[in-house]
Amino acid sequence: MESNSGNSKRPSFQPKQLALRNAGIHGSTFISFLQILGTGMDTGDTSASVLLFFDKRRIIFNAGEGLQRFCLEHKVKLSKLDHVFLTRVCSETASGVPGLLLTLSNTGENGIAVNLWGPSDLNYLVDAMRTFIPNSSVIHARSFGGKEGPLSSGHTSTTSAGTVILLEDEVVTISAVILHPSSIEDIAQVEHMDVEETRPTVPAKTEDAEQKGKSQVAQGSVQSAEPWELGFGHTETPVNPSEQKKPSIENLVTSATDPLNAGPSVIGKSQLLAGSLPLVADQAERGPEQMAVVYVCELSEMPGKFDPVKAKALGLRPGPKYGLLQAGKDVLADDGKTTITPRDVMDPPSPGPVCLVVDCPSLSYVPALVSASGLQRFYGPATEKKVACIVHIGPASVMKTAEYQRWMARFDGSQHVMAGHGMIGKVSPILKASARVMSRLNYICPRVFPISGLLQNEDLMDSTNNGFESSVAITAAENLLKYWLRPLSTSGVDRSGVPEPLNIEQVQTDLVAEVPELVEVSEHLADLWKRGDKSPSSPKGRKSRSPSPKRGSEGSSQEDLPDCLRGVGREEMEMVFLGTGSAMPSKYRNLSAIYIHLFERGGLLLDCGEGTYGQLIRRYGTRKADEVVAGLKMVWISHIHADHHTGLASILSVRRKLLEKQGTFHPVIVVGPKKLKRYLDAYERLEDLGMEFLDCSQTTFEAESAASMSWENGQDASGQGSTKVENYSNLGLVRVSNKEEGPIEKPTAGGQLGSYWLQSGFNLQAGLDEQGRQKLKNALSSLGLAYLVSVPVVHCSHAFGVVIVAEKRPDGADGFLPGWKLVYSGDTRPCQALVEAAKGATVLIHEATFDDSMEEEAIAKNHSMTKEAIETGIAAGAYRTMLTHFSQRYPKIPVFNESYNDGTCIAFDMMSANLADLPLLPKLLPALKLLFKDDMLPGDEEMEELSEQQQPLEMIS
């Protein structure tokens, strides 16, 4: 909490010291392979990640959204991860980095720090992450390939061989071959297959941003906040302690240091090591360099075989000295005088295997790829080092061109693994545990748990080998496919770990055999929904009305049904739960995100955790998901914790690209807390997100009160005419309408706030953002919503819940029915302000992180227990209370107890709760208890996973 006293001292921070793993001491390289971590193979939303595995070391290339969930699903342990290399810096390749860092920093007793490498755009990502990465997280970042500026005078960006040596030790040498597009004009003219292929343009810099960039250069570091806000310190820890035989890494790889290269800066208590040169003014104006990277991985050479005949000839009898020679040490001969070296008794070493990871994201990069001097030493049959395996992660529109295939053919005898979108022969859900649960839930109630999205992605990919030269060895990338590098005796493709495709029909057949009682339960639920469909005709324009059972029948009585639900159609509103877990994703629940589907009017998102776009694809299928994203009118974010917003950049980037292709682009409004704006502003230096920001404080009751007090003589602050202010709750919520009925009603407030014409998105403390508020009203109007108000809640600073109310609708006669009222708590302890704001809510979506036995944890983490969430709904008089944001301690279903009542519902990932189905949703509880009767408490497997990968609840939930 900030002090009001200008003389108070800032607190001093002691950064948590998380040391990098010194992989150079491991030495053992008897086992090594490449493995495809197909994080986006079923959805196409991210690049596939590639794992380079050694006995005691792990290296990953690219970390798109969903990587850590994927690894958890398939038991890929990240505890030995040393390095993450990015082929490009964009949402497709790097949006999983923040979540990965958060998890690793809390893995084990001391946490794990990793090295992050990428082209010079990396510094933009690092700056953005600084705004929310918590203090105990660590990343050591290094960028390379930037253009020369004043601080790199005299340094070159490549070696004579056309490569940048990044990592070199006794295990592996990793080099980067940098690709630049042939021209910006060529990029614009390329016909792209996927929306992810293009690099976005960078928005024009504001005068303030330009001045800030110049100030940062003068200081010799890139900072997004004052040092005391982030806990800056300094460290001398190098990224690579090995000596460089070729031009030193200091000449090739830059870090955010002062002009004298005093050492990398520690970013906050998190020790986020900035990984690029401080921006010079012209570089800040240029923005991202639009680079892609080919990574060359050369494993250390294999020692030659020990020759005992040579040893004996040199006067050395068999014994322990043989072992010392094989270990690379000199020994004395038996005469005690002659020195024998390993070279004297060992056969010549053989070169280690070489593998490449190639990212050629569009046709404009192909000229740079085929002419890259750093790759020429691997061409042809006479080369000293043959490339064993090449993993291609570019799109099919590039890799199937004749020029690209001719380049592939230059590598004699290499195995080509095609992992780019459009290159995979078959598609199956990669998150099989979640898909299996979805399939079982679908059997119970297809209306609420649809699986159409799982079935619609199967025709996305074409056959891999079509259109390729027969002389090139092609392998279609599959999830968890391996290519063995060592031992040499096993070298080659290994499909033994590739999972079998999920057979949804078989899953449901097995379910019936396992729990035969579910057949009757499913039929009973189907009958309930069918009776609802046959209800009397609904008001005009509505396709089918809400089930409204008569008194005495199952479900709520007609008298209990809220007026807003009477005769409501199925195309009024639907809540699609894309993520219902907390802190970190699990096999069964993703991070917080709720899509409010308003059908032909579009929709909005409430929170947007990592993987939200992928979840939309799994729910709707690729084509429909893109329609949903393109139709987004608003995104509302509850607070800055990473599990609620790290999927936002991907969603916004995809939306912009989709609408630009259609020629209908317009910015979407993002309503969020103060710190979120810092993150989005920093990220937009990397990628144009196509959004306009409005601070949550501008949408509170206080903001409405301030707005009403700033109006004089019926004129609002923007001078756009007469405005009436209507009281809509006992908290003083006011709604703006343009009807000139009656006098203006001004709620009492502690003091009048003036209207300040500043940049958009500013906090209410700086004045009213009239422009941003008007844009929000326009968005709400287009969605058929009457108003939205954010409610401060008890969690962290700048944490909010939200109230959304729909406009009235005709009752079919001459009157109107009230609009529905949805309230979402975000993360919070029981909060009286939220109770008051939720009075009479049609549905209250409330977090229920902990079960009722964990009161101490709930209080410590500022979360709610199950009974507290239900009691909030009862106190507010909410018609239905939906529970969500469950701790990953309850991987499939939370603990049931007596606190559940007839108005309580449980949210699951991919659940679609239609407004018309609200009366019947509580009827699912008995079926859910039966379905998950053996999963009411965490099983041994889940508890083991939690102990290995501790949940950072205190940081991001």
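Here the residue numbering is sequential within each chain, running from 1 through the sequence in written order. Local features in a predicted model are, by the rule used here, given only for residues with pLDDT of at least 70; side-chain atom pairs are given and counted only at 80 or more, and totals for whole chains, interfaces and linings are based on all residues. Derived side-chain values reflect all non-hydrogen atoms in the structure, with water molecules and hydrogen atoms excluded from consideration.

The name that an unreviewed UniProt entry assigns to the protein is ribonuclease Z, with the source organism given as Riccia sorocarpa. UniProt positions are given in the numbering used here, feature names are shortened, and annotations may be inferred rather than shown by experiment. Quoted verbatim from the Catalytic activity (unreviewed entry) heading of the UniProt record, the comment on the protein is "Endonucleolytic cleavage of RNA, removing extra 3' nucleotides from tRNA precursor, generating 3' termini of tRNAs. A 3'-hydroxy group is left at the tRNA terminus and a 5'-phosphoryl group is left at the trailer molecule."

**Student:** Would you mind going over the environment of Val670 with me for this structure?
**Tutor:** The numbering of helices and of strands both runs from the N terminus, where a helix is a DSSP run of H or I of at least 4 residues and a strand a run of E of at least 2. With respect to the element layout, Val670 can be found in strand β26 (residues 668–672). For the pair Val670 and Leu776, spaced 106 residues apart in sequence, the C-alpha separation works out to 8.9 Å. The contact criterion used throughout is that any non-hydrogen atoms of two residues lie within 4.5 Å. For Val670, the residues in contact, after removing those within four places along its chain, are Val635, Leu648, Leu652, Leu676, Leu680, Met691, Glu692, Phe693 and Leu694.

**Student:** Is there a simple way to explain the pattern of salt bridges in this structure?
**Tutor:** Any two side chains of opposite charge can pair if their charged atoms end up close together. Salt bridges are identified by distance alone: a Lys or Arg side-chain nitrogen within 4 Å of an Asp or Glu carboxyl oxygen. Tallying each qualifying case throughout the model produces 24 salt bridges. Arg377 is the partner of Glu298 in a salt bridge, and the nearest nitrogen-oxygen pair spans 2.8 Å. Linking Glu298 in strand β13 (residues 292–299) with Arg377 in the loop between α13 (366–370) and β17 (387–392), this pair joins segments that are 79 residues apart in sequence. Think of it in three bands: residues with accessible area under 20% of the maximum for their type are buried, residues over 50% are exposed, and the middle band is partly exposed, with areas taken using a 1.4 Å probe on protein chains only. Overall, Glu298 belongs to the buried group, its relative accessible area being 9%.

**Student:** For this particular structure, what's the right way to read the side chain of Ser864?
**Tutor:** By secondary structure assignment, the location of Ser864 is in the loop between α27 (855–861) and α28 (866–876). Apart from residues lying up to four places away in sequence, Ser864 is in contact with Thr828, Arg829, Pro830, His846, Glu847, Ala848, Thr849 and Phe850.

**Student:** Hey, could you run me through helix α20 (residues 612–620) in this one?
**Tutor:** Owing to its 3.6 residues per turn, the α-helix brings residues three or four apart onto one side. Within α20, nine of the nine residues are buried, which leaves it mostly tucked inside the rest of the structure. The set of residues buried in α20 consists of Thr612, Tyr613, Gly614, Gln615, Leu616, Ile617, Arg618, Arg619 and Tyr620. Of the residues one or two after α20, Gly621 is the one with positive phi, at around 90°.

**Student:** Even after reading the chapter, I still don't get the sheet that holds β26, so can you show me in this structure?
**Tutor:** Hydrogen bonds between backbone groups are what pair the strands of a sheet, and the pairing can be parallel or antiparallel. DSSP bridges decide pairing: two strands pair if at least two such bridges lie between them. Pairing is mixed across the open sheet formed by seven strands, whose spatial order is β27-β26-β25-β24-β23-β22-β38. Each edge of the open sheet is held by one strand with a lone partner, namely β27 (691–695) and β38 (911–914). This sheet shows a mean twist of 20° between the axes of neighbouring strands, independent of strand direction. Sheet strands in contact with helix α25 (residues 770–782) are β25 (632–636), β26 and β27, and its direction is about 115° off that of β26. Whenever a helix is involved, its axis is fitted only over the stretch in contact; in every case the axis is a line through C-alpha atoms, and angles between N-to-C directions fall within 0 to 180 degrees.

**Student:** Help me understand the packing of helix α16 (residues 432–444) against helix α18 (residues 504–514) in this model?
**Tutor:** For any two helices packed against each other, the geometry comes down to the angle between their axes and how far apart the axes lie. Put simply, α16 and α18 touch, their axes get as near as 9 Å, and they point 65° apart. Taken as a pair, α16 and α18 cross one another with a handedness that is right-handed. Of α18, the residues touching α16 (which contributes Arg436, Ser439, Arg440, Asn442 and Tyr443) are Ile504, Val507, Gln508, Leu511, Val512 and Glu514. Classifying every residue of the contact of α16 with α18 gives five nonpolar, three polar and three charged. With the far helix as reference, a near helix turned anticlockwise by less than a right angle produces a left-handed crossing, and one turned clockwise produces a right-handed crossing. Here the nonpolar group is Ala, Val, Leu, Ile, Met, Phe, Trp, Tyr, Cys and Pro; Asp, Glu, Lys and Arg are the charged ones; every other residue, Gly included, is treated as polar.

**Student:** Is there a simple way to explain the nonpolar core in this structure?
**Tutor:** Each nonpolar core is a collection of buried residues, namely Ala, Val, Leu, Ile, Met, Phe, Trp, Tyr and Cys, held together in the definition by side-chain atoms within 4.5 Å. In terms of nonpolar packing, the biggest core is built from 110 residues, with Ile36, Phe61 and Tyr295 touching the most fellow members. Once residues within four sequence positions are removed from consideration, Phe61 is found in contact with Ala48, Ser49, Val50, Leu52, Phe85, Ile174, Tyr295, Cys297 and Val357. Residues Val671, Ala869, Cys905 and Leu921 belong to the second largest nonpolar core, which totals 75 residues.

**Student:** Can you help me understand unusual backbone geometry in this one?
**Tutor:** Excluding glycine, residues mostly carry a negative phi; peptide bonds, for their part, are mostly trans. Note that the residue after Arg486, namely Pro487, is joined by a cis bond; omega there is 0°. The phi dihedral of Phe599 falls on the positive side, at around 60°, and the residue is not glycine. With respect to the helices and strands, the residue Phe599 is situated in the loop between β23 (593–597) and β24 (603–608). The residue Met910 is not glycine, and still its phi comes out positive at about 75°. As for its position among the elements, Met910 is in the loop between β37 (904–906) and β38.

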